Amino acid sequence: MIIVSLFTPTLQFSNDLADVMRIFWGNIGLRVNESGGDVTVTHREWTEGSIRFCTMTAEGMYTGRAERSSPLSEDSLLEKRYHKRLIKQTLYDVMKQITGRTPPWGSLTGIRPTRLLYEGMGRGLTIDQAMAETQSRFDVRQDKAELLRQIVTVQQEIAAPKMDEVDLYVGIPFCVSRCAYCSFLSGEVGKGKQLPPYVEALEKEIAATLQLIQEKGLKPRAFYMGGGTPTSLSAKLLDQVLSAAQPFIDQAREVTIEAGRPDTIDEDKLLVIRDHGATRISVNPQTMHDETLDRIGRRHTTAQTEAAYALARKIGFHHINMDLIAGLPGENIHMFLRTLAWSREMAPESLTVHTLSIKRSSLLHLWEAQLPDGQMVETMVEAGRQEAARRGMRPYYLYRQKYMAGNLENVGYALPGHECVYNIDMMEETGHVLAAGAGAISKRVDPRVGRIERAPNVSEISQYMDRVEEMIGRKRGLWQDAWN
Ligand code: SF4
């Protein structure tokens, strides 16, 4: 890990600058305004008239220098944005110079890439012009810019949420074991003692949420039950939760239930899910290699995944989503290609190809695991894209996270007509979400003016059960005022 001494007069942007360095170096040790690093980066800036100038100089293990300038603005919000962009881009220039690398997403950090296209189109640009603008402003590579264009094109086929529509999310924060890369706040099921009281609290919150939906004249759009792993619940408890949400489910255009871990799936649970009206389930192998599954703490086998797919098909599910991860510990390109070939036999209608990221709250981080070679993971991700295209799938949503191998992305692909509306709503933040369960976040949005307000539930499971009335109150508070 490279230790960087960063000397900057703008402490408020030091995290943004660290993010730029991570694009090139992955994990770094950062000393702000302290010497002693392997490399020292010095940021200087000054103004002349209405122009701000910025230089970044690297010394030590690497040497280089870059300079940029940008106009000052009298609008304080714009001024902050211009200022931050100037210093990030100047640092990006010097990083590119000293490492000799051109990252796939250029200097883009902390912003959803598709949003840039939508913003450009909102200013009257065509989709191609918006793509070209994003590409040149942030140094985004041609293939990634093209991916964005394809995604936004597919998304535009799907009606955006109306102001009176709402998605309902229900969270089940339990799993049978903890995956090494997981950063979610899910609890292990253990002996299952917490499950019945959790479901009881959830039923209460769902009932109050449906009442709020009715009072405010909102209309159901998409239902999504995620986690954790919802199928960690018994068939009986699943039935209780879904029964509570049934009035919403009956009117929703799409109903997804995550059944992520194949070792939690059985016939009784799938029958409950089917009979409550699920239109889409997600069964996630991540890899077809048992030794990798073992290494990452997923206590199931490839054979269990195959059995779960066969059972789900037999029971009558017509849309199964599959999640895979490129860059899992110990995997090479050949292993990933074999996983892709195997996934073809499972024939999911949609496929999400994730890039491994090592988040601070994950076991991999605790174990001080290093990200795999970015070039190798990029080849995997590209193979995933090509495989999806061969099966007639189109990319329809994308997101990026911190600490991702190769500074890449996660992409959802689907056969035409199988795009998950809820995923798009979530990623693009274009629709309201009412969310129930520990750690779930409700959102009220007005995309016309870019207004978003959030009401998060507490994440800790016993706190949630004790304070469910307060969580209901938080949601009500979001819809207290009329928005014009
Ligand atoms: S199944 Fe999903 S939520 Fe559960 S531990 Fe694994 S990654 Fe985390």
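About the criteria used
Residues numbered from 1 in each chain as written. Predicted model: local features only at pLDDT ≥ 70, side-chain atom pairs only at ≥ 80, totals over all residues. Heavy atoms only, no water. Pairing = 2+ DSSP bridges. Helix = DSSP H or I, 4+ residues; strand = E, 2+ residues; numbered from the N terminus. Axes fitted to C-alpha atoms, helices over the stretch in contact; angles between N-to-C directions. Domains from an automatic or database assignment. Contact = heavy atoms within 4.5 Å. Buried < 20%, exposed > 50% of the residue type's maximum accessible area, 1.4 Å probe, protein only. Lys, Arg positive; Asp, Glu negative; His and termini not counted. Salt bridge = Lys/Arg side-chain N within 4 Å of Asp/Glu carboxyl O. Polar contact = N/O pair within 3.5 Å; in protein donor to acceptor, adjacent residues only side chain to side chain.

Draft legend 1. Structural context of the sheet that holds strand β4 (residues 51-60). On the basis of which strands lie adjacent, the open sheet formed by five strands has the order β2-β1-β3-β4-β5 and mixed pairing. Only two strands of the sheet have a single neighbouring strand rather than two, namely β2 (28-32) and β5 (64-71). Mean inter-strand twist for the sheet, computed between neighbouring axes without regard to direction, equals 20°. Sheet analysis places β4 next to β5, joined by eight bridges and oriented antiparallel. The partner of A58 across the bridge, within β5, is G64.

Draft legend 2. Here's a closer look at the domain arrangement of the protein. When its domains are assigned, the protein resolves into domain 1 (2-99), domain 2 (113-154) and domain 3 (165-474). Inter-centroid distance (C-alpha atoms) of domain 1 to domain 2 is 25 Å.

Draft legend 3. Structural view of the side chain of D19. Counting through the fold element by element, D19 comes out in helix α1 (residues 14-25). Non-local contacts of D19, meaning those with residues more than four positions away in its chain, are made with T109 and K402.

Draft legend 4. A look at the side chain of E331. Assignment of secondary structure puts E331 in the loop between β12 (320-326) and α11 (333-346). Despite being buried, E331 has no salt bridge partner; R295 is the closest side chain of opposite charge, sitting 6.1 Å away. Only 2.7 Å separates the side chain of E331 from the side chain of T287, close enough to count as a polar contact. Reaching out from E331, the side chain makes a polar contact with the side chain of T292 at a distance of 2.7 Å. Excluding residues that lie within four positions of it along the chain, E331 makes contacts with T287, H289, T292, F336, M376 and M380.

Draft legend 5. Quick look at the environment of T302. The residue T302 is located in helix α10 (residues 302-315) in this model. In this structure T302 touches M288, H289, D290, L293 and W342, once residues within four positions along its chain are discounted. A polar contact is formed between the side chain of T302 and the side chain of D290, at a distance of 2.6 Å.

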